[in-house]
Amino acid sequence: MNPQAKLIFISSLLLGTTIVISSNHWITAWAGLEINTLAILPLISKSHHPRAIEAATKYFLTQATASALLLFSSMTNAWHTGQWDITQMTHPTSCLILTSALAMKLGLVPFHFWFPEVLQGSPLITGLLLSTAMKLPPITLLYMTAQSLNPTVLTGMAILSAALGGWMGLNQTQVRKILAFSSISHLGWMAIILVYNPKLTLLNFYLYTLMTTAIFLTLNSTNTTKLSTLMTSWTKAPALSAMLMLTLLSLAGLPPLTGFLPKWLIIQELTKQEMTPAATIIALLSLLGLFFYLRLAYCATITLPPHSTNHMKQWHTNKPIPSSIAILTVLSTTLLPLSPMISPTI
């Protein structure tokens with residue numbers, strides 16, 4: 001892709017996200033979301049492969065539907081209350097439609113079907129943007145309207161997301177699809193705590209972004225998209241594969257790694273809110289995710305594939321690990337001791 005064109009698209013992404021985050025009026029938030037959608041489409045379809053074009057089309061249709069629903073919910077609210085302010089979303093029907101629209105934007109169950117397909121058809125770096133940067137504007141809108149949303153609906157969606165994200169990821173062999181289902185199950189953790197403690201949702205999102213960025217950049221540097229390729233990447237970059245294993249275990253939420261911090265705080269908050277059954281269910285459902293993370297970690301650090309593969313072995317290279325990956329992987333594995341500093345502010 002032309003560097004000037006890429007610069008324009010990345011700038012538009014930043015502009016759209018900034019508009020959404022800083023807006024008070026529903027129309028400006030909607031405009032920001034539309035700028036974001038239009039800026040990411042060329043990045044999804046830049047390879048001109050039929051699968052990439054299909055992914056871009058699916059993404060466009062779902063995001064356009066979600067934007068229309070968002071506009072409809074804000075208009076309904078304005079019709080009943082005379083308010084266009086984002087924080088003044090008080091009409092129950094509008095809140096329900098808004099929850100559906102933002103769930104569709106994010107890929108929460110039951111509006112999750114587009115996300116694995118789109119991620120599978122995108123390049124790894126675009127997949128990283130879809131999993132992290134493109135989720136920030138809808139999560140910001142959820143954060144701003146958290147007090148108006150229906151806790152029962154959000155809890156139901158969250159538990160279903162954690163369940164389906166775990167179950168559907170078990171059988172996958174494509175790394176991008178596994179990471180898509182991982183994203184869906186993490187969104188479940190963010191949604192379940194949103195009404196009770198929105199700051200925890202943001203903390204979970206920031207740490208998820210940190211760990212996912214480390215994983216996507218590592219996969220991009222070893223050029224890995226399938227489990228079979230991941231099995232032979234050890235010979236190419238042993239240190240990177242070992243760090244990838246730790247980052248994957250951190251994303252699974254194993255103590256004493258960074259990923260355990262948001263899960264620990266969310267379960268603690270749910271217990272305080274007398275939602276122990278929901279906390280127990282979502283904690284048990286995260287074991288499903290742990291299984292496929294362990295599978296990925298096993299494939300990343302195994303020295304020899306267990307069967308004869310049809311592709312060439314990777315050559316060992318002495319290329320230095322990029323400093324960005326090194327910093328991100330260290331942060332993805334060592335931030336748990338900071339929890340006493342974070343707890344009082346939440």
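Everything here concerns the structure above.
No experiment lies behind these values; they were computed from the predicted model shown.

### What about the overall build of the chain?
Assigned secondary structure in the chain consists of 16 helices and zero strands. Against the compact-globule benchmark of 20 Å for 346 residues, the chain has a radius of gyration of 20 Å, which places it among compact chains. In terms of its C-alpha atoms, the chain occupies a principal-axis envelope of roughly 65 × 50 × 35 Å. Expressed as a percentage of contacts within the chain between residues at least 6 apart in sequence, the contacts between residues at least 24 apart total 78%. As displayed, the chain offers around 15100 Å² of accessible surface, 69% of which is attributable to carbon and sulfur atoms. A gap of 19 Å separates the mean positions of the 16 positive and 6 negative side-chain charges of the chain.

### Notes on the pattern of salt bridges
Side chains bearing opposite charge may pair, as long as their charged atoms lie close to each other. Inspection of every chain in the model, using the stated rule, returns three salt bridges. Note that Glu54 and Lys58 form a salt bridge whose closest N and O atoms lie 2.8 Å from each other. Of this pair, Glu54 and Lys58 both sit in helix H3 (residues 50-81), four residues apart, which is roughly one turn of that helix. The shortest N-O distance in the salt bridge between Lys58 and Glu117 comes to 3.7 Å. Of the two residues, Lys58 is situated in helix H3 and Glu117 in helix H5 (residues 114-121); the sequence distance between them amounts to 59 residues. A relative accessible area of 29% means that Lys58 is categorised as partly exposed. Owing to a relative accessible area of 36%, Glu117 belongs among the partly exposed residues under this scheme. Through salt bridges that share partners, Glu54, Lys58, Glu117 and Lys177 make up one connected network.

### Brief notes about the packing of H3 against helix H4 (residues 92-106)
Put simply, H3 and H4 touch, their axes get as near as 8 Å, and they point 160° apart. What the angle tells us is that H3 and H4 run roughly antiparallel. At the point where H3 passes H4, the crossing takes the left-handed sense. Listed contacts from H4 to Thr62, Gln63, Thr65, Ala66, Ser67, Leu69, Leu70, Phe72, Ser73, Thr76 and Asn77 of H3 are Ser94, Ile97, Leu98, Ala101, Leu102, Met104 and Lys105. For the contact of H3 with H4, the residue count by class is nine nonpolar, eight polar and one charged.

### Details of helix H6 (residues 124-131)
Most of H6 sits out of view: seven of its eight residues are buried. Listing the buried residues of H6 in full gives Leu124, Thr126, Gly127, Leu128, Leu129, Leu130 and Ser131. Among the structural elements, helix H1 (3-22), helix H2 (26-44), H3, H5, helix H9 (175-193) and helix H10 (198-222) are those in contact with the buried residues of H6.

### Brief notes about the environment of Leu14
Structurally, Leu14 can be placed in helix H1. Sequence-wise, Leu14 and Ala39 are 25 residues apart; in three dimensions their C-alpha atoms are separated by 9.5 Å.

### A few points about a nonpolar patch on the surface
A surface patch of nonpolar side chains, amounting to about 300 Å² of accessible area, comprises Leu38, Phe60 and Leu61. Considering the arrangement of structural elements, one finds Leu38 in helix H2. Given the relative accessible area of 53%, Leu38 is considered exposed.

### Looking at unusual backbone geometry
Here Val109 and Pro110 are connected by a cis peptide whose omega angle stands at 5°. Following the sequence through the fold, Pro110 ends up in the loop between H4 and H5. The omega angle of the peptide bond from Pro255 to Pro256 is 5°, so this bond is cis rather than trans. Here Pro256 is to be found in the loop between helix H12 (238-252) and helix H13 (260-272). You will see that His48, though not glycine, has its phi angle at about 60°, which is positive.

### Structural notes on the side chain of Gln120
Counting through the fold element by element, Gln120 comes out in helix H5. Of note is the side chain of Gln120, whose polar atom sits 3.3 Å from the side chain of Gln174.

Reading guide: rules and limits
Residues numbered from 1 in each chain as written. Predicted model: local features only at pLDDT ≥ 70, side-chain atom pairs only at ≥ 80, totals over all residues. Heavy atoms only, no water. Helix = DSSP H or I, 4+ residues; strand = E, 2+ residues; numbered from the N terminus. Rg over C-alpha atoms; globule rule 2.2 N^0.38 Å. Contact = heavy atoms within 4.5 Å. Areas by Shrake-Rupley, 256 points an atom, 1.4 Å probe, with all protein chains shown as cover. Lys, Arg positive; Asp, Glu negative; His and termini not counted. Charge placed at Lys NZ, Arg CZ, Asp CG, Glu CD. Salt bridge = Lys/Arg side-chain N within 4 Å of Asp/Glu carboxyl O. Buried < 20%, exposed > 50% of the residue type's maximum accessible area, 1.4 Å probe, protein only. Axes fitted to C-alpha atoms, helices over the stretch in contact; angles between N-to-C directions. Parallel < 35°, antiparallel > 145°, perpendicular 65-115°, else oblique. Left-handed = near helix turned anticlockwise from the far one by under 90°. Nonpolar A, V, L, I, M, F, W, Y, C, P; charged D, E, K, R; others polar. Patch = residues over 30% accessible without salt bridge, like charges linked within 9 Å, V, L, I, M, F, W, Y side chains within 5 Å. Polar contact = N/O pair within 3.5 Å; in protein donor to acceptor, adjacent residues only side chain to side chain.

What is shown is where atoms sit, not what they do.
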